[in-house]
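These are the residues of each chain, in order.
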Amino acid sequence: MPAPGVALAGKEGERLIIPGSAASRLSEVWNKAPREAPDYSSLVHMVTTKRPMRLAWTDANLWAGFGPVTFRTMLVKGNFPNYDQLIPADNSSEVKFFAQDLERAVRQAAGMARAGSDIVRLEWTEKSMTVSARAGVGGRVDAIIPVEATGADATALNISYLSFLKDRQGQVTLAKQPGNTGAPVVIRDGSPLIQVIMPLTVAQDKKATAAASSTPAPEGQQPSDEAPEDGSAKGEERETEN
């Protein structure tokens with residue numbers, strides 16, 4: 001069974017697997033550890049003050065050092081999943097927008113989304129995207145942002161998986177299989193990371209359905225604005241590197 005964690009490519013092509021919890025803790029320590037004050041008289045010192053991380057490992061452990069801090073974690077034994085297989089082959093439906101625009105729209109819809117099922121709907125044409133959230137009977141918030149898209153389409157995502165937008169700048173590309181609202185959403189923001197997010201199954205508006213024909217829900221599963229009580233429709237998010 002694939003081991004949960006973060007994979008690093010070591011020397012001679014070896015793969016090191018760090019436990020996911022250890023990677024999160026390392027990130028916290030990295031962000032909170034004091035930084036060395038740069039020597040502004042030296043350009044080299046100013047550059048190296050960005051704290052390069054020193055890594056060393058054995059078959060069982062990995063050490064990460066930066067400044068006065070040394071972090072040690074045990075490595076996970078097992079085979080790291082091939083995340084390339086999770087990226088859908090058909091992503092010809094693309095929509096491009098600025099991260100700041102979608103972040104503001106999601107923020108406007110956040111209160112209504114939290115009151116409902118944490119669902120944010122994205123429905124777009126070639127020039128604009130409607131970001132909406134619903135709750136109760138008649139409760140709805142819409143926000144419209146400019147986009148560039150290959151054609152009309154739609155998807156629905158758990159709002160928590162759009163929180164990355166507040167840390168992004170510039171243009172973001174969202175791609176998916178055309179017309180299939182149940183298809184995984186692939187997000188690229190110009191960084192080495194690719195985000196693959198599983199959408200939620202919701203009932204689309206008649207207008208949106210006409211613009212982008214969605215695939216029917218699996219037999220026995222009814223489209224709904226509400227996520228099931230067991231949380232199985234909360235969506236999943238995965239990240240991988242190019």
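About the criteria used
Residues numbered from 1 in each chain as written. Predicted model: local features only at pLDDT ≥ 70, side-chain atom pairs only at ≥ 80, totals over all residues. Heavy atoms only, no water. Salt bridge = Lys/Arg side-chain N within 4 Å of Asp/Glu carboxyl O. Buried < 20%, exposed > 50% of the residue type's maximum accessible area, 1.4 Å probe, protein only. Helix = DSSP H or I, 4+ residues; strand = E, 2+ residues; numbered from the N terminus. Contact = heavy atoms within 4.5 Å. Pairing = 2+ DSSP bridges. Axes fitted to C-alpha atoms, helices over the stretch in contact; angles between N-to-C directions. pLDDT = per-residue confidence, 0-100.

## A closer look at the pattern of salt bridges
Part 1 of the argument: Inspection of the entire model under this criterion finds seven salt bridges.
Part 2 of the argument: A salt bridge links Asp142 to Arg140, with the shortest nitrogen-to-oxygen separation between them at 2.9 Å.
Part 3 of the argument: With a relative accessible area of 41%, Asp142 lands in the partly exposed category.
Part 4 of the argument: Of the charged contacts in the structure, one is a salt bridge between Asp189 and Arg168, with a shortest N-O distance of 2.2 Å. Separated by 21 residues along the polypeptide, Asp189 in the loop between strand S13 (185-188) and strand S14 (193-197) and Arg168 in the loop between strand S11 (153-158) and strand S12 (171-176) bring together distant segments of the chain.
Part 5 of the argument: A relative accessible area of 13% means that Asp189 is categorised as buried.

## Looking at the environment of Leu174
Part 1 of the argument: Mapped onto the fold, Leu174 is located in strand S12.
Part 2 of the argument: Residue contacts for Leu174: discarding those within four places in its chain leaves Ser93, Glu94, Val95, Phe97, Leu122, Trp124, Val185, Val186 and Ile187.

## Here we look at unusual backbone geometry
Part 1 of the argument: In this structure, Asp118 takes a positive phi of about 65° despite not being glycine.
Part 2 of the argument: Among the structural elements, Asp118 can be located in the loop between helix H3 (99-115) and strand S7 (119-124).

## Structural notes on the pairing of strand S8 (residues 128-135)
Part 1 of the argument: In terms of burial, S8 is a largely internal element, six of the eight residues being buried.
Part 2 of the argument: The sheet contact formed by S7 and S8 spans four bridges and is antiparallel. The residue of S8 that forms the bridge with Trp124 is Met129.
Part 3 of the argument: Between S7 and S8, which pair antiparallel one after the other, the connecting turn spans three residues.
Part 4 of the argument: Of the strand pairs in this sheet, S8 and strand S9 (residues 139-146) are connected by eight bridges, and their pairing is antiparallel. Bridging from a neighbouring strand, Ser128 pairs with Pro146 of S9.
Part 5 of the argument: Following S8, the chain reverses through three residues before pairing antiparallel with S9; Gly136 in that reversal takes a positive phi of roughly 65°.

## Some words on the sheet that holds strand S3 (residues 54-57)
Part 1 of the argument: Ordered in space as S3-S4-S5, the three strands form an open sheet in which the pairing is antiparallel. Only two strands of the sheet have a single neighbouring strand rather than two, namely S3 and strand S5 (69-74). Direction aside, the axes of adjacent strands within the sheet are offset by 15° on average.
Part 2 of the argument: Bridging between strand S4 (residues 61-66) and S5 involves six bridges; their strand directions are antiparallel. Paired with Asn61 across the two strands is Met74, which belongs to S5.
Part 3 of the argument: Sheet contacts for helix H1 (residues 20-32): S4 and S5; angle to S5, the most-contacted strand, approximately 175°.

## Remarks on the sheet that holds S11
Part 1 of the argument: Spatially, S9-S8-S7-S11 is the arrangement adopted by the four strands of the open sheet, whose pairing is antiparallel. Lying at the two open borders of the sheet, with one neighbouring strand each, are S9 and S11. If you compare each strand with its neighbour and ignore which way they point, the axes differ by 20° on average.
Part 2 of the argument: Across six bridges, the pairing between S7 and S11 is antiparallel. Bridging from a neighbouring strand, Trp124 pairs with Asp153 of S11.

## A word on the confidence of the model for the protein chain
Part 1 of the argument: Taken residue by residue, the protein chain gives an average pLDDT of 77. The fraction at 70 or more is 71%.
Part 2 of the argument: Taking the mean pLDDT of every element in the protein chain, the minimum, 44, falls on helix H4 (residues 206-211) and the maximum, 97, on strand S10 (residues 148-149).
Part 3 of the argument: Counted against residues more than four places away or in other chains, residues 207-242, with its pLDDT under 50, gives 72 contacts.

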